[in-house]
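Working through the structure, step by step
The lines below spell out each chain.
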Amino acid sequence: MNKHQLKKQILQKELQIKKLHLHQSSTDFCNQLYNTLILEKAILKKELENHEKNYFIEMIKGVLPSKKKLICDYWKK
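Rules and cut-offs
- All residue numbers refer to position in the chain's written sequence, counted from 1.
- Whole-chain, interface and lining totals are the exception, using all residues; otherwise, since this is a predicted model, local features are given only for residues with pLDDT of at least 70 and side-chain atom pairs are given and counted only at 80 or more.
- With hydrogens and water excluded, all non-hydrogen atoms of the structure serve as input to the side-chain values.
- Secondary structure elements are defined from DSSP: runs of H or I of at least 4 residues count as helices, runs of E of at least 2 residues count as strands, and each element is numbered from the N terminus.
- Burial classification: accessible surface area is computed with a 1.4 Å probe over protein chains only, and a residue below 20% of its type maximum counts as buried, one above 50% as exposed, and the rest as partly exposed.
- Contact definition: two residues touch when any of their heavy atoms are within 4.5 Å.
- Residue exposure ignores everything except the shown protein chains as possible cover, and the areas themselves are Shrake-Rupley values with a 1.4 Å probe.
- For this analysis, a salt bridge means a side-chain nitrogen from Lys or Arg found within 4 Å of a carboxyl oxygen belonging to Asp or Glu.
- pLDDT is a per-residue confidence score from the predictor, ranging from 0 to 100.

This part is about the overall build of the protein chain. Each helix and strand counted, the protein chain has 3 helices and 0 strands in total. Element order for the protein chain, N to C, with α for helix and β for strand: α-α-α. Per-residue burial over the protein chain gives 14% buried out of 77 residues. Taking the contacts inside the protein chain whose residues are at least 6 apart along the sequence as the reference set, 65% of them involve residues at least 24 apart. Accessible surface, the protein chain: about 7100 Å² in total, of which carbon and sulfur atoms supply 61%.

As enumerated under the stated definition, the model contains 3 salt bridges in all. Put simply, Lys13 and Glu40 hold a salt bridge, and the shortest N to O gap is 2.6 Å. Within this pair, whereas Lys13 is found in helix H1 (residues 3–22), its partner Glu40 is found in helix H2 (residues 28–52), the two being separated by 27 residues in sequence. For Lys13, a relative accessible area of 17% puts it in the buried group.

Mapped onto the elements, Lys41 comes out in helix H2. Leaving out residues up to four positions away in the same chain, Lys41 has contacts with Ile10, Lys13, Glu14 and Ile17.

Before going further, it helps to examine the confidence of the model for the protein chain. Mean pLDDT for the protein chain: 80, with 86% of residues reaching 70 or above. When the elements of the protein chain are averaged for pLDDT, helix H3 (residues 55–63) gives the smallest value, 77, and H2 the largest, 85.

On to the environment of Asn31. Residue position: Asn31 is located in helix H2. In this structure Asn31 comes out as partly exposed when scored by relative accessible area, which is 30%. The sequence separation of Asn31 and Leu20 amounts to 11 residues, and the corresponding C-alpha distance is 9.1 Å.

Below, the structure written as structure tokens:
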């Protein structure tokens, strides 16, 4: 999928969630459907985030050593 399709699907999921939230009743079916839509939206957002990543920068970050911060470093002045 491309970025445009992912963004469109995310918007559709948000609309479905809003509609379901307005008509939400105490039935298990509505709760299950609501949770499913939230999960699908999160998956689509993660896919979009992965499409927007710059893999060249990610590779450089992986090669360069990063300074690890210890808990005791927070109290040093």
